[in-house]
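Here's the letter readout for the chains.
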Amino acid sequence: FIFDYKLDNRNRLTHVFWADGTSRKNYSLFGDVISFDSTYRSNRYNLVFTPFTGVNHHKSCVTFGAAFIPNEKIESYKWVFQTFLKAMGGVAPKLIITDEDLSMRAAIKDIFPDTRHRLCMWHILNKLPERVGRPLIEDDVFLSEFVSCVWGSETPNEFEARWISIISKYGLENNSWLSDKYQMRQSWILA
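Residues numbered from 1 in each chain as written. Predicted model: local features only at pLDDT ≥ 70, side-chain atom pairs only at ≥ 80, totals over all residues. Heavy atoms only, no water.

Help me out: how do you make sense of the pairing of strand 1 (residues 2–7) in this one?
Regular strands place side chains that alternate from one sheet face to the opposite one. Relative to strand 2 (residues 13–19), strand 1 is paired through six bridges, and the arrangement is antiparallel. From the neighbouring strand, Ile-2 faces strand 2, where its bridge partner is Ala-19. (Pairing = 2+ DSSP bridges. Helix = DSSP H or I, 4+ residues; strand = E, 2+ residues; numbered from the N terminus.)

What follows is the structure, encoded as structure tokens:
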């Protein structure tokens, strides 16, 4: 079992990381690709819960470690990534999947410079309803075409053709959120 923590100037706990022996063993076996999620903030201390998760050879989720951090700033992410790296014997993951947090992206680039960083498709698609509006989300044809474009495109050219078709067909040329997602497509589109 390994843990680390950090206190503020009033001796209050601000950062804490832990990983047990099973988590560390699982990381040594299945830690090539990890998911890091900082979207949990439902505790009475208002700390951000950040688990490191992976998938084992039975396609089951396994936890490699977890932390509480006080905020979603670069310094907090750097601390948790450095602590994770220390706990895992200095072995960085080959690929990390996260949400779109810019602070997290900067910390990953600094602490895991050789790790590929990809964005979580689930987080992106979860924002789709608020970004394209209710009429389109309730349109089964639009939803089917969009999901097929994102998940079903097998080549970059196929994705490009489908994306352009959807944007044109549904008048989404001026949707800045979709434009931003398109610009960063290499980070989240499978093709």
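What is the right way to look at the packing of helix 2 (residues 74–87) against helix 3 (residues 102–111) in this model?
Geometry of a packed helix pair, given as the angle between the helix axes and the separation of the axes. For the pair helix 2 and helix 3, interaxial distance at closest approach is 8 Å and the crossing angle is 40°. The pairing of helix 2 with helix 3 is recorded here as oblique in orientation. Note that helix 2 runs across helix 3; the crossing there is right-handed. From helix 2, Ile-74, Tyr-77, Lys-78, Phe-81, Gln-82 and Leu-85 reach across to helix 3, where they touch Ser-103, Met-104, Ala-106, Ala-107, Ile-108, Asp-110 and Ile-111. Partitioning the contact of helix 2 with helix 3 into residue classes produces nine nonpolar, two polar and two charged. (Axes fitted to C-alpha atoms, helices over the stretch in contact; angles between N-to-C directions. Parallel < 35°, antiparallel > 145°, perpendicular 65-115°, else oblique. Left-handed = near helix turned anticlockwise from the far one by under 90°. Contact = heavy atoms within 4.5 Å. Nonpolar A, V, L, I, M, F, W, Y, C, P; charged D, E, K, R; others polar.)

Looking at this model, I keep getting lost on a nonpolar patch on the surface. Mind explaining?
A surface patch of nonpolar side chains, about 570 Å² in accessible area, is lined by Phe-1, Phe-3, Tyr-5, Leu-7 and Leu-13. Ranked by residues supplied to the nonpolar patch, first place goes to strand 1 with three residues. Mapped onto the elements, Phe-3 comes out in strand 1. (Patch = residues over 30% accessible without salt bridge, like charges linked within 9 Å, V, L, I, M, F, W, Y side chains within 5 Å. Areas by Shrake-Rupley, 256 points an atom, 1.4 Å probe, with all protein chains shown as cover. Salt bridge = Lys/Arg side-chain N within 4 Å of Asp/Glu carboxyl O.)

Help me out: how do you make sense of the sheet that holds strand 2 in this one?
By definition, the strands of a sheet pair up through backbone hydrogen bonds, in either a parallel or an antiparallel sense. Pairing is mixed across the open sheet formed by seven strands, whose spatial order is 1-2-5-4-3-6-7. Each end of this open sheet is capped by a strand with a single partner; those strands are strand 1 and strand 7 (116–119). Within this sheet the neighbouring strands show an average axis-to-axis angle of 20°, counted without direction. In terms of strand pairing, strand 3 (residues 33–36) meets strand 4 (residues 48–55) through two bridges, oriented antiparallel. Bridged to Ser-35 within strand 4 is Thr-53. Against the sheet, helix 1 (residues 21–30) engages strand 1, strand 2, strand 3, strand 4 and strand 5 (61–69), with an angle of about 120° to strand 5.

Help me out: how do you make sense of the nonpolar core in this one?
Grouped burial of nonpolar side chains is what soluble globular proteins tend to show. Membership of the largest hydrophobic core comes to 26 residues, with the highest contact counts inside it found for Phe-17, Phe-52, Phe-64, Val-80, Phe-81 and Phe-84. Counting only elements with at least two residues in this core, the list comes to strand 2, helix 1, strand 3, strand 4, strand 5, helix 2 and helix 3. The biggest single contributor to this core is helix 2, with seven residues. Excluding anything up to four places from it in sequence, Phe-17 contacts Ile-2, Phe-3, Asp-4, Phe-52, Gly-65, Ala-66, Ala-67, Trp-79, Val-80, Thr-83, Phe-84 and Ala-87. Core analysis: the next-biggest nonpolar cluster, separate from the first, contains 22 residues, Met-121, Ile-137, Trp-163 and Trp-188 among them. (Core = buried A, V, L, I, M, F, W, Y, C linked by side-chain atoms within 4.5 Å. Buried < 20%, exposed > 50% of the residue type's maximum accessible area, 1.4 Å probe, protein only.)

Quick question: what am I supposed to make of unusual backbone geometry here?
Phi angles above zero are rare outside glycine, and Asn-11 is one such case at about 60°. As for its placement among the helices and strands, Asn-11 is situated in the loop between strand 1 and strand 2. Despite not being glycine, Lys-59 has its phi angle at roughly 60°, a positive value. By the element assignment, Lys-59 lies in the loop between strand 4 and strand 5. According to the relative accessible area criterion, Lys-59 is exposed, its value standing at 76%.

Just to check I follow, could you spell out the packing of aromatic side chains for this structure?
To describe a pair of aromatic rings, one takes the distance between the centres and the angle between the planes. What the rule picks out here adds up to 22 aromatic pairs. Centroid distance Phe-17 to Phe-52: 6.3 Å. Interplanar angle 75°. Geometry classified as edge-to-face. Taken together, the positions of Phe-17 in strand 2 and Phe-52 in strand 4 put the pair 35 residues apart, joining distant regions of the chain. What makes Phe-17 buried here is its relative accessible area of 0%. Arranged with centres 5.5 Å apart and planes meeting at 40°, the rings of Phe-159 and Trp-163 form a pair that is tilted. (Phe/Tyr/Trp six-rings, centres within 6.5 Å; stacked < 30°, edge-to-face > 60°.)

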